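As a plain string of letters, each chain reads:
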Amino acid sequence: MDLPSVQWQEHVSQKWTGLDPEFQEHFSSLTEIDDVFKCALNLTTRDDLDFLHSLSASYPVQKDTQQAANCRERGNGSFKNRDYTAAALHYSQGVCFAPQSSEQLSLCYANRSAALYHLQHYQECLDDIDKAQKNGYPSHLVHKLTDRRTLCLKHLSGGQQGKGDPNSQALKNNEGPRRSQPPSAEHITSWICPQASVSFSLEKGRHLVAAQRIAAGEMILSDRPYSCVLIPGMQEVGGKSGEQDTVELGTEHRCCHRCLTETLSPVPCEGCSYSRYCSTGCQQDAWGEHHRWECPLGADLLVLGVMSQLALRVALKAGLKNIQMAREPIRDERTKSEPRKESSETYPCHANQLDPSTSYYGDSYMTVFHLHHLLNRQSPALRFLSAVTVATLASKLSKAGPLSWDLSVASTANCQSGDDEGGNAGQSEELWLMGSAVLRHVLQLRCNTQAIVMLKDTGPANSPVRSSREIRVASAIFPTLSLLNHSCCPNTSLVFSTGANVDPSVSDLSAHLRESVDEHGDAIPGVAVTVRAASDIAAGQEILHCYGPHSSRMATQERQRLLLEQYYFLCQCKACTVTQEEAAEGREQQSGSGVSQSKSGLLCCKCKGSLNKSSVDKGAAFICSQSPCTHRTSSSEVSLRLQEIRVVLKRAGDLMERDRPDEALGLLNEVQCQAGQILAETHPLQGELADAMARACATMGDWNNAASHLERSAVSIASQYGDDSIELGQQLFKLAQLHFNGGARGPALSVIPKVRRLLCLHRGPHCLELQELQAMEDCLRR
């Protein structure tokens with residue numbers, strides 16, 4: 001959850017409602033973030049801290065021997081069922097819960113080594129055997145570890161390296177002696193291609209423009225996050241909850257909390273049970289950079305949400321010195337506008353002082369600090385929620401233990417004083433600076449957070465055809481990516497990489513950047529975004545990407561509503577303006593029946609003509625576009641029939657998960673006949689039906705019929721997303737797999753070039769799918 005928990009939001013809402021109306025008006029009139037934070041800090045009471053503590057109690061993040069034992073028992077159940085991946089995840093959860101040097105810790109390591117052995121992760125198995133023995137594994141059971149070690153060494157010495165965990169293994173090569181100091185915040189690497197330049201206008205702010213023509217598929221920029229925070233659970237793009245195990249082993253249990261690498265053998269934090277890492281290197285880097293402050297606050301941060309934690313992490317990483325440096329131009333600018341007793345010659349640097357928010361400072365903290373926060377566009381209630389949340393967090397942080405910033409606060413009584421202007425005299429300037437910076441970042445993140453999205457396999461591990469979906473794994477702030485403004489029909493594609501899977505396209509960059517990556521690549525391992533041109537971009541054209549609402553997935557009014565609510569602007573991109581023009585033309589060209597000319601993908605049940613939504617009676621009906629027919633169907637009837645199809649799709653999916661593809665296919669064949677009566681081949685639901693039927697046929701080894709269904713699905717995908725879309729590329733990639741598995745040499749070789757073009761366009765020439773595609777083609781041409 002990006003926002004605080006519902007209970008905390010309700011608590012702060014009641015606090016706001018209980019304020020005197022005059023004080024509400026006073027708070028609403030504050031225009032400086034410093035003043036907003038100081039006001040909220042004065043309003044933060046012991047009741048707020050106690051309420052947060054009560055909410056935090058439901059998030060177990062402390063070491064707990066009994067919890068570790070419970071996790072180990074669940075792992076044993078999965079192990080008996082030969083689900084070794086689930087077993088390893090449960091044992092890892094036990095490792096994280098077990099207190100240091102406890103027998104329970106040694107048992108969890110030993111059991112995990114058994115699961116890793118069956119998964120052929122031989123080196124990781126050996127590592128866990130060592131850890132089990134170092135933590136006091138019972139002597140009467142040591143022979144089990146000795147036998148397992150012998151088997152692992154036999155496999156490794158025989159040249160069988162095993163499957164291993166490539167991401168973890170790559171990072172272990174970098175462990176060595178680690179830094180005792182946190183990595184420099186300036187070690188982030190970003191790059192903008194020479195054909196693009198940073199511009200500024202009052203209307204658009206800082207933005208990126210093509211100085212020269214940029215061809216489709218060319219890399220425009222590469223950036224690494226200043227900070228990122230893992231999102232608990234599994235979230236599908238669009239806000240839907242992804243499927244989870246029965247014990248809810250989500251992203252936070254599967255990924256490194258620093259570099260987001262997926263791992264089955266994480267290294268636990270020694271202080272809490274929540275944070276875990278792919279290597280000791282990531283563990284130590286995270287501790288130096290932010291976790292030494294976050295560790296005592298783990299449960300509080302889960303209550304206060306990802307956005308608050310990310311804002312805190314940005315400020316902690318920057319450090320007091322960088323925050324002070326970033327604030328200085330703003331201070332000077334404010335001072336310049338105020339009456340002074342001194343002559344202007346006393347401040348010669350102010351005469352040519354530029355607004356720092358109009359400049360781009362590369363990948364430094366200055367760029368992050370000067371992102372627009374839009375304080376005055378956010379509602380007073382939302383501002384109050386952000387300010388009280390940060391003030392409470394700052395108060396908790398100051399009491400958590402010795403801190404290098406000396407973030408001490410005055411007595412509780414002083415915190416509870418109602419004097420919003422002068423009651424904070426006893427509190428340190430460091431607390432104000434840190435709290436004000438965190439609040440600034442919370443306000444910025446509402447408009448500048450970037451979801452890190454990864455493709456995750458969704459089908460069974462032994463599925464003959466890869467099935468995947470996009471999953472939000474983290475929220476981040478990217479200094480350079482934040483330059484890109486929004487369009488509902490963007491001219492770019494974004495690809496994220498995590499862990500050791502750095503985009504190989506870095507080899508396409510300049511020698512200067514490669515040297516920078518080589519020098520600082522271990523500062524923030526692997527997490528990066530690559531932006532490519534999705535179409536030709538002419539010189540002078542703005543470079544744009546989509547903030548979420550996309551023209552191929554959402555209607556214009558809904559997109560504009562969401563963008564106005566979260567980003568405070570009315571979108572006037574090409575997709576929005578063209579739609580508005582078409583709507584105006586449609587009103588002028590309406591027939592006497594009042595039919596809108598936009599296509600719905602629905603068919604008239606009488607004549608199979610196109611059904612269009614009526615532009616009269618507030619769209620309560622669809623009318624056939626064929627003039628001899630003009631049959632009318634109510635919107636409620638259409639919605640009901642579409643919902644019936646979705647229900648059958650869900651039932652068929654459940655049957656597939658229970659390994660009953662023949663029953664699923666029977667259901668799908670039945671509903672497909674019904675769908676053909678009301679849905680055109682281009683309707684998205686037709687694409688979903690065809691895709692599900694292809695999956696069922698492929699599971700039963702019926703490759704020819706599977707390919708036939710998938711070809712129909714591709715027609716729907718192309719209609720919805722376009723002939724040059726990554727969505728079509730992914731669908732055609734599955735089609736190539738089906739042809740290959742079915743031995744259809746000609747059809748496979750025919751579709752492979754189309755897939756290659758689309759994957760190169762959006763994901764670059766070095767993506768893993770292209771490597772698999774090349775292997776298929778090599779095999780077919782032998």
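Anything mentioned here points back to the structure above.
Residues numbered from 1 in each chain as written. Predicted model: local features only at pLDDT ≥ 70, side-chain atom pairs only at ≥ 80, totals over all residues. Heavy atoms only, no water.

Observations regarding the overall build of the protein chain
Part 1 of the argument: Looking only at helices and strands, the protein chain features 28 helices and 17 strands.
Part 2 of the argument: Long-range contacts, defined as pairs at least 24 residues apart, comprise 70% of the intrachain contacts of the protein chain with a sequence gap of at least 6.
Part 3 of the argument: Accessible area for the protein chain stands at about 35400 Å²; split by element, carbon and sulfur atoms hold 50% of it. (Helix = DSSP H or I, 4+ residues; strand = E, 2+ residues; numbered from the N terminus. Contact = heavy atoms within 4.5 Å. Areas by Shrake-Rupley, 256 points an atom, 1.4 Å probe, with all protein chains shown as cover.)

Observations concerning the sheet that holds strand 4 (residues 219–223)
Part 1 of the argument: Spatially, four strands are ordered 1-4-12-11 in an open sheet, and the strand pairing comes out antiparallel. Two strands in the sheet have a free side with no partner beyond their single neighbour: strand 1 (191–192) and strand 11 (492–497).
Part 2 of the argument: Relative to strand 4, strand 1 runs antiparallel, the two being bridged by two bridges. Among the inter-strand pairings, Trp-191 is bridged to a residue of strand 4, identified as Ser-222.
Part 3 of the argument: Set on the sheet, helix 27 (residues 745–763) makes contact with strand 11 and strand 12 (528–533); between it and strand 12 the angle comes to about 120°. (Pairing = 2+ DSSP bridges. Axes fitted to C-alpha atoms, helices over the stretch in contact; angles between N-to-C directions.)

With respect to the side chain of Arg-72
Part 1 of the argument: Looking at where Arg-72 falls in the secondary structure, it is placed in helix 5 (residues 65–80).
Part 2 of the argument: Here Arg-72 sits buried without a salt bridge, and the closest side chain of opposite charge, Glu-73, lies 4.7 Å off (N-O distance).
Part 3 of the argument: There is a polar contact of 2.7 Å between the side chain of Arg-72 and the side chain of Gln-104.
Part 4 of the argument: Aside from chain neighbours lying at most four places away, what touches Arg-72 is Tyr-91, Gln-104, Leu-107, Cys-108 and Asn-111. (Buried < 20%, exposed > 50% of the residue type's maximum accessible area, 1.4 Å probe, protein only. Lys, Arg positive; Asp, Glu negative; His and termini not counted. Salt bridge = Lys/Arg side-chain N within 4 Å of Asp/Glu carboxyl O. Polar contact = N/O pair within 3.5 Å; in protein donor to acceptor, adjacent residues only side chain to side chain.)

Thoughts on the sheet that holds strand 15 (residues 610–613)
Part 1 of the argument: In spatial order, the strands read 14-15-16-17; together these four strands make up an open sheet with antiparallel pairing. Taken across any chain shown, the strands that pair with only one partner, and hence form the sheet edges, are strand 14 (602–603) and strand 17 (632–634).
Part 2 of the argument: With three bridges joining them, strand 16 (residues 621–624) and strand 17 adopt antiparallel strand pairing. Counted as the bridge partner of Phe-622 is Thr-633 from strand 17.
Part 3 of the argument: Sitting on the sheet, helix 22 (residues 635–657) is in contact with strand 14, strand 15, strand 16 and strand 17, with an inclination near 65° to strand 17.

Details of helix 23 (residues 661–675)
Note that an α-helix has 3.6 residues per turn; residues three or four places apart therefore point the same way.
Part 1 of the argument: The end-to-end C-alpha separation of helix 23 is 20 Å, in line with the 21 Å expected for 15 residues at 1.5 Å each.
Part 2 of the argument: Within the span of helix 23, buried status applies to Pro-661, Ala-664, Leu-665, Leu-667, Leu-668, Val-671, Gln-672 and Ala-675. End-on, the buried residues of helix 23 take up no more than an arc of 160°, which puts them together on one face.
Part 3 of the argument: Where helix 23 is buried, its residues touch helix 22, helix 24 (684–699) and helix 25 (703–721). (Expected span 1.5 Å × (residues − 1). Arc of directions from axis to C-beta.)

Considering the pairing of strand 12
Part 1 of the argument: Of all six residues in strand 12, six are buried, a share of seventy percent or more.
Part 2 of the argument: What you see with strand 12 is no split at all: Ala-528, Thr-530 and Arg-532 on one side and Val-529, Val-531 and Ala-533 on the other are buried throughout.
Part 3 of the argument: In the sheet, strand 11 pairs with strand 12 via six bridges, with the strands oriented antiparallel. Opposite Leu-494, over in strand 12, you have Val-531 as the bridge partner.

Topic: the packing of helix 5 against helix 6 (residues 84–97)
Part 1 of the argument: Interhelical geometry of helix 5 versus helix 6 gives an angle of 170° and a closest axis separation of 8 Å. Considered as vectors, helix 5 and helix 6 are oriented roughly antiparallel to each other. Note on element contacts: helix 6 touches helix 5 through Tyr-84, Ala-86, Ala-87, His-90, Tyr-91, Gln-93, Gly-94 and Phe-97, opposite Gln-67, Ala-68, Cys-71, Arg-72, Arg-74, Gly-75, Asn-76, Ser-78 and Phe-79. (Parallel < 35°, antiparallel > 145°, perpendicular 65-115°, else oblique.)

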